[in-house]
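Coordinate analysis (summary)
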Amino acid sequence: MSRRPADLRVGALHLEGVSRAGDETWLKVHPPGLAFDVGRGALQLAGSRDLFVSHGHLDHALGLPFVISQRSLHGSQETRVFCPAEIADDLDAFVRAAERLERVAYRYEIHPLAPGDRVEVARDLSVAAFRVDHVVPSLGFHLIRRKHRLAAIYQGREPAELAALRASGAALEETVEELALSYCADTGPGVFDLEPRVFESAVLVLECTFLTADLSERAVRYKHLHIDEIAARADRFHNEVIVLQHLSHRHSFADLERAVAERLPSLAPRIRLLAGTPP
Ligand SMILES: [Zn+2]
Ligand SMILES: [Zn+2]
């Protein structure tokens, strides 16, 4: 597409994406190189084996056949598509129609997900689905990182003692999990009750579609987040970084920057914008 994607480094993660309400939203997350939503079909996603589609609105899902087609053209690994169970058949029919139009065979599989389902995406990385608050069946996704560390009961022991324990065959390690990133897709404020763990994720990708008072009603009707709903919960966000996305075309990114400074002063130092720039 014509817009240059945003490119953000947040901790160990590299995020690349474009997001504008009603236009297109996709986010590539490395590692492991997966995609949360596919927008209208970004070439940057051709390297992504795993595509997580949050819901069927075309600003998030239209590009699915295109990305699968590109991957098939390049002889890439079979593409794994994950989506809400309610839309799996329709999404499959959509891709099949494209496959017939192109008279080629795509290599992909569609995996329906329910809230709570989990998928392994790399060594020590998995994705878990959660319910969000939107007008059509929709899921958000956590990227979960497993870490291995010395078990709590062995911490503080002498190295020689640990070596002896290890030699005797004791398992000294324990595995802990952390939420590396939570992608909330399109959602109204119900997500904060449906999945309060989003407040604890290291990186929170959150929509912020509307900024002005006259659009509060619209946010409620179409189940999107108005900046007031974020401001009302400002003290609950424990995230290291909050990436705002899905801004309405009624506002400019400069409007969003101003609104963040004025309405979210306590969060502003941790906020980044997923703002692709025009070429
Ligand atoms: Zn959208
Ligand atoms: Zn939507």
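Here the structure is shown first, and the text comes after it.
Reading the values: the criteria
For every chain, the first residue of its written sequence is number 1, and the numbers climb from 1 along that sequence. A letter from A marks each chain and a number from 1 marks each ligand, given out in the order of writing. Under the rules for a predicted model, residues below a pLDDT of 70 receive no local features and side-chain atom pairs below 80 are neither given nor counted, while totals for whole chains, interfaces and linings still include all residues. The basis for every side-chain value is the complete set of non-hydrogen atoms in the structure, without hydrogens or water. Helix and strand labels come from DSSP, where a helix needs a run of H or I of at least four residues and a strand needs a run of E of at least two; each type is numbered from the N terminus. For a compact globule the rule gives 2.2 Å times the number of residues to the power 0.38, and the radius of gyration it is set against comes from C-alpha atoms. Exposure classes here rest on a 1.4 Å probe applied to the protein chains alone. A residue is buried below 20% of its type maximum, exposed above 50%, and partly exposed in between. Any two residues whose heavy atoms approach within 4.5 Å are treated as being in contact. For the area figures, the Shrake-Rupley method with a 1.4 Å probe applies, and any residue is considered shielded solely by the protein chains shown. Charged residues are defined narrowly, with Lys and Arg counted positive, Asp and Glu counted negative, and His plus the chain ends left uncounted. Charge placement uses NZ in Lys and CZ in Arg. For Asp and Glu, CG and CD serve respectively. Each metal site is built from N, O and S donor atoms within 2.8 Å (3.2 Å for Na, K and Ca), and since water is not included, such sites may look incomplete. Geometry assignment treats four donors as tetrahedral when all angles are between 85 and 135 degrees, treats four as square planar and six as octahedral when opposite donors are over 155 degrees apart and all others between 65 and 115, and treats everything else as irregular. Any Lys or Arg side-chain nitrogen located within 4 Å of an Asp or Glu carboxyl oxygen qualifies as a salt bridge. Between any two strands, pairing holds if DSSP finds at least two bridges. Only the stretch in contact is used when a helix axis is fitted, and all axes are lines through C-alpha atoms; the angle between N-to-C directions ranges over 0 to 180 degrees.

**Structural notes on the overall build of the protein**
- Secondary structure assignment for the protein yields eight helices and 14 strands.
- A globule of 279 residues ought to have a C-alpha radius of gyration of about 19 Å, and the protein, at 20 Å, matches this closely.
- Taking the principal axes of the C-alpha coordinates as reference, the protein spans close to 65 × 55 × 35 Å.
- By residue count, 52% of the 279 residues in the protein fall in the buried class.
- Across the protein, contacts joining residues at least 24 apart in sequence account for 59% of those joining residues at least 6 apart.
- When the accessible surface of the protein is totalled, it reaches about 12700 Å², and 52% of it is carbon and sulfur.
- Considering the protein, the positive charge centre built from 33 side chains and the negative charge centre built from 39 side chains are found 3 Å apart.

**Brief notes about the coordination of the zinc ion (ligand 1)**
- With distances of 2.1 to 2.3 Å, the protein atoms coordinating the zinc ion (ligand 1) are D59 (OD), H60 (NE2), D186 (OD) and H246 (NE2).
- Around the zinc ion (ligand 1) sit four donor atoms, and with donor-metal-donor angles ranging over 87 to 161 degrees the site reads as irregular.
- Counting the intervening residues between successive donors of the zinc ion (ligand 1) yields the motif D-H-x125-D-x59-H.
- Taken as a pair, the zinc ion (ligand 1) and the zinc ion (ligand 2) show a spacing of 3.6 Å, with D186 coordinating each metal.

**A word on the pattern of salt bridges**
- Under the definition given, this model contains 18 salt bridges.
- For D228, the salt bridge goes to R263, with nearest N and O atoms at 2.3 Å. Of this pair, D228 sits in helix α7 (residues 227–231) while R263 is found in helix α8 (residues 253–263), placing the two residues 35 residues apart along the sequence.
- Among the residues examined, D228 registers a relative accessible area of 30% and is labelled partly exposed.
- With a closest N to O distance of 2.7 Å, D255 and R258 form a salt bridge. A residue pair is termed a helical-turn pair when its members lie 3 or 4 positions apart in one helix, as D255 and R258 do in helix α8 at three residues.

**Observations concerning the sheet that holds strand β6 (residues 79–84)**
- Spatial strand order, β1-β2-β3-β4-β5-β6-β7: seven strands in an open sheet with mixed pairing. Looking at the sheet topology across the chains shown, the edges are occupied by β1 (6–10) and β7 (108–113). Strand-to-strand, the axes of this sheet are offset by a mean angle of 20 degrees, without reference to chain direction.
- Judged from the five bridges that link them, β1 and strand β2 (residues 13–20) form a sheet pairing that is antiparallel. Each residue of the ladder has a partner; that of L8, found in β2, is L15.
- Against the sheet, helix α2 (residues 64–73) makes contact with β4 (34–38), β5 (50–52), β6 and β7, and its axis sits at roughly 165 degrees relative to β6, the strand it touches most.

**Some words on the coordination of the zinc ion (ligand 2)**
- Donor atoms from the polypeptide that coordinate the zinc ion (ligand 2) comprise H55 (NE2), H57 (ND1), H134 (NE2) and D186 (OD), at 2.2 to 2.3 Å from the metal.
- One can describe the site at the zinc ion (ligand 2) as irregular: its four donor atoms subtend angles covering 91 to 162 degrees at the metal.

**Let's talk about unusual backbone geometry**
- With an omega of -20 degrees, the peptide bond between H30 and P31 qualifies as cis.
- Among the secondary structure elements, P31 is positioned in the loop between β3 (24–30) and β4.
- A cis geometry characterises the amide bond from P31 onward to P32, with omega recorded as 15 degrees.
- Tracing the chain through its elements places P32 in the loop between β3 and β4.
- Although it is not a glycine, D124 sits at a positive phi angle of roughly 70 degrees.
- Its location among the elements puts D124 in the loop between β8 (118–122) and β9 (125–131).

These values are about where atoms sit, not about what they do.
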